[in-house]
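Each chain, letter by letter, is given below.
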Amino acid sequence: MAEYDLVVRGGTVVDGNGGPPRTADVAVSGDRIAEVGRVAGTGRREISADGAVVAPGFVDVHTHYDGQATWESRLQPSSWHGVTTVVAGNCGVGFAPALPEHRDRLIDLMEGVEDIPGIALHEGLPWTWLSFPEYLDVLEARHYDVDLAVQVPHAALRVHAMGERAAAHEEATPDEVALMAKLAAEAVRAGALGFSTSRTLNHKSIDGELIPSYGLGAAELVAIGHAVGETGTGVLQLVSDFPEPEREFALIRELAEAAGRPLSFSLNQFPLDPERHRTVLRLLEQAVADGLEIRAQVAARPVGLILGLENTLNPFMTNPVWRRIADLTPGEQAARMREPGLRAEILEAQTREKNRSRLGGNLIHKYELMYELEDPPNYEPPVSTSVAARAAAQGRDPVELAYDIVAGGGMLYVVSANYADGDLDAVREMLVHPDTIPGLSDGGAHVGTICDGSFPTTLLAHWTRDRAGERIPLEYIVRQQSRDTARAVGLTDRGVLEPGLRADLTVIDMAALRLRRPEMRADLPAGGRRLLQRAEGYVHTVVAGQETYADGVETEALPGRLLRGAR
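Residue numbers run consecutively from 1 along every chain, following the written order of its sequence. Local features in this predicted model are restricted to residues of pLDDT 70 or higher, and side-chain atom pairs are both shown and tallied only at a pLDDT of 80 or more, whereas totals for entire chains, interfaces and linings draw on every residue. Computation of side-chain values covers all heavy atoms of the structure but excludes hydrogens and water.

Caption draft 1: Structural context of the side chain of Ser196. For Ser196, the position within the fold is in strand β10 (residues 194–199). In what follows, a contact means two residues having at least one pair of non-hydrogen atoms within 4.5 Å. Those residues in contact with Ser196 that lie beyond four places of it in its chain are Gly89, Asn90, Cys91, Gly92, Val152, Pro153, His154 and Gln237. In this text, helices come from DSSP runs of H or I with a minimum length of four residues, and strands from runs of E with a minimum of two, each type numbered from the N-terminal end.

Caption draft 2: Local environment of the sheet that holds strand β16 (residues 412–417). Strand order in this open sheet of three strands is β14-β16-β15, and the pairing throughout is antiparallel. Bordering the open sheet on either side are β14 (303–307) and β15 (370–372), each of which pairs with just one other strand. The sheet shows a mean angle of 30° between the axes of neighbouring strands, taken without regard to direction. For two strands to be treated as a pair, DSSP must find at least two bridges joining them. Pairing of β15 with β16 involves three bridges; the strand directions are antiparallel. What sits directly across from Met370, in β16, is Val414. Angular values range over 0 to 180 degrees, each being the angle between N-to-C directions of two axes fitted as lines to C-alpha atoms, with helices fitted over their stretch in contact.

Caption draft 3: Representation of helix α7 (residues 174–190) in the model. To estimate how far a helix should extend, the number of its residues minus one is multiplied by 1.5 Å. In this model, α7 (17 residues) spans 24 Å end to end at C-alpha, consistent with the 24 Å of a helix rising 1.5 Å per residue. Using a 1.4 Å probe on the protein chains alone, a residue whose accessible area is under 20% of its type maximum counts as buried, one over 50% counts as exposed, and one in between counts as partly exposed. Buried within α7 we find Glu176, Val177, Met180, Ala181, Leu183, Ala184, Ala185, Ala187 and Val188. Lining the buried residues of α7 we find α4 (132–140), β9 (152–153), α5 (154–162), α6 (164–167), β10 and α8 (218–230). Gly191 sits one or two residues past α7 and shows a positive phi near 130°.

Caption draft 4: Examining the packing of aromatic side chains more closely. For Phe, Tyr and Trp, rings pair up if their centres lie within 6.5 Å, where Trp contributes its six-membered ring, and each pair is then called stacked (planes under 30 degrees apart), edge-to-face (over 60) or tilted (otherwise). Enumeration over the complete set of coordinates arrives at eight aromatic pairs. Look at Trp127 and Trp129: their rings are 5.3 Å apart centre to centre, the planes differ by 45°, and that puts the pair in the tilted class. A network of ring pairs unites the aromatic residues Phe95, Trp127, Trp129, Phe132 and Tyr135 as a single cluster. By definition here, charges over rings are those cases where NZ of Lys or CZ of Arg is within 6 Å of the ring centre and within 35 degrees of the ring normal. Positioned above the aromatic ring of Phe270, the side-chain terminus of Arg276 is 4.6 Å from the ring centre. The lysine or arginine in question, Arg534, covers the ring of Trp80, its NZ or CZ lying 4.0 Å from the ring centre.

Caption draft 5: Representation of the pattern of salt bridges within the structure. Salt bridges are identified by distance alone: a Lys or Arg side-chain nitrogen within 4 Å of an Asp or Glu carboxyl oxygen. According to the stated counting rule, one finds 44 salt bridges in the structure shown. Between Arg105 and Glu164 there is a salt bridge, with its nearest N and O atoms 2.9 Å apart. Of this pair, Arg105 sits in helix α2 (residues 103–114) while Glu164 is found in helix α6, placing the two residues 59 residues apart along the sequence. Accessibility expressed as a relative area gives 57% for Glu164, which makes it exposed.

Caption draft 6: View of the layout of surface pockets. Its volume calculated, the second largest pocket comes out at about 490 Å³. Both site types are read off a 1 Å grid over the protein atoms alone. A 1.4 Å probe that fits but cannot get out defines a cavity, while an open set with protein on both sides within 12 Å along at least five of seven lines defines a pocket; lining residues have an atom within 4 Å of a point. Considering the residues around the second largest pocket, the lining is formed by 22 residues, among which Leu309, Glu310, Asn311, Thr312 and Arg529 are closest to the centre. Residues belonging to the lining of the second largest pocket are distributed by class as follows: nine nonpolar, six polar and seven charged. Grid points are joined across faces, edges and corners, and a volume is the space filled by probe spheres set on the points. Under the scheme applied, nonpolar residues are Ala, Val, Leu, Ile, Met, Phe, Trp, Tyr, Cys and Pro; charged residues are Asp, Glu, Lys and Arg; polar residues are all the others, including Gly.

Encoded structure:
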């Protein structure tokens, strides 16, 4: 009788292929799945999964752990949410290649674009590399609680090739384009999973400068894409506002055709043009019908911001009276704000001035889009529960209600993209589209304003179980965020519970599965603060055959490694 390293017995297996759940055992030998079905052999360790779902570990293809992975072995919050593989280096920002004279600019870009405290990056990044291959060597020397893959970022290539001219959005010379293309191909051959770029107005440095890759014509992107394609491997990732969908998608097609490699781009329902995503989906369908391997990455819930005294943004940050207490700790600010005299003074001085220097700063007074973030949080809140609607029902000014929530230590959730209709019907439309995959969690980024590394739990709990509206079958959600995400980035050795594939899996008590409210921790280098969000219900998480989390608590095992290129 065979003996295995691990047998997970009697669970409801959702294997990642999209078929119906079934009761089965899963046997593991080393870092591979050995058997799925009725396992007669024994395990050196056995886990009873009776009443629980057993699923492949989730593959999150859109994170920003580029810095954190150089100083930290636990890539939280993603690893708390059944995720066993993450892909970083998205949106064209990252830290390699990096000449010494360019390091500050790359930090400024990451701080501005992805809201990661510059103080933490300056303290935490060891800068023991110059080239992208050397950066990969640094990551390979570390052990993690998940597997990590990274992409080579366009902004870093541009800064490396052009210096200060990159930020001025000047056209690169033919020699500079050739250098970027050469370095991109070199990075992919060394093990970068692919190449990423950004074409969105939302991506600015901490000083307000647009990301260097914004608004470029086709020539530079196509040259880089062609060079990546010549390696025979690698994927392409892009984020865009799609201001003119047909024109922008023509560039995407040209890039995909030049590279001959899979490409994915971010897609949301645009708040000021709620039908635009449908136009993009139609263009995507035509491209796929024409034989191009293109997918849209879509979010699990509204793309929104979290406001509060501990956060990057709050509704009173531009208030001249509140600015007098801005240098106090959040706890001290809250105590002062509860003083009746100061409360009256701040409310009297409140204006609708935006904070244009920070990403999302134009939303800090959108009380009709603002909701109190409770525990557990509701990510599809009824419009009747917005701060504006609640205040109107109470005969109050919404500023007062927002003030009392913030001064009481609470947080406010401002919905932006994906909530133009006051529900998530548009998100469901995108999630079930055959040419999309879940993405955009931004795990490791936006640490003062967003905490979306919990997207996998929202997909499981909200979309398969809790939603008042139309739901999505569990087997579809599991397939989408394990097999389909893995294959979209060329990782064909994982994402399905099948003999011979990677032994990454998660055991989930679906009845107990729920998100907790995000909370702020000061655990980044130099005391930098970040939002973290836990979940209940993940009973066991296994990476490469080793248990990394039990009931949400980390074990000593760190079997995760850098993934060099597609499998």
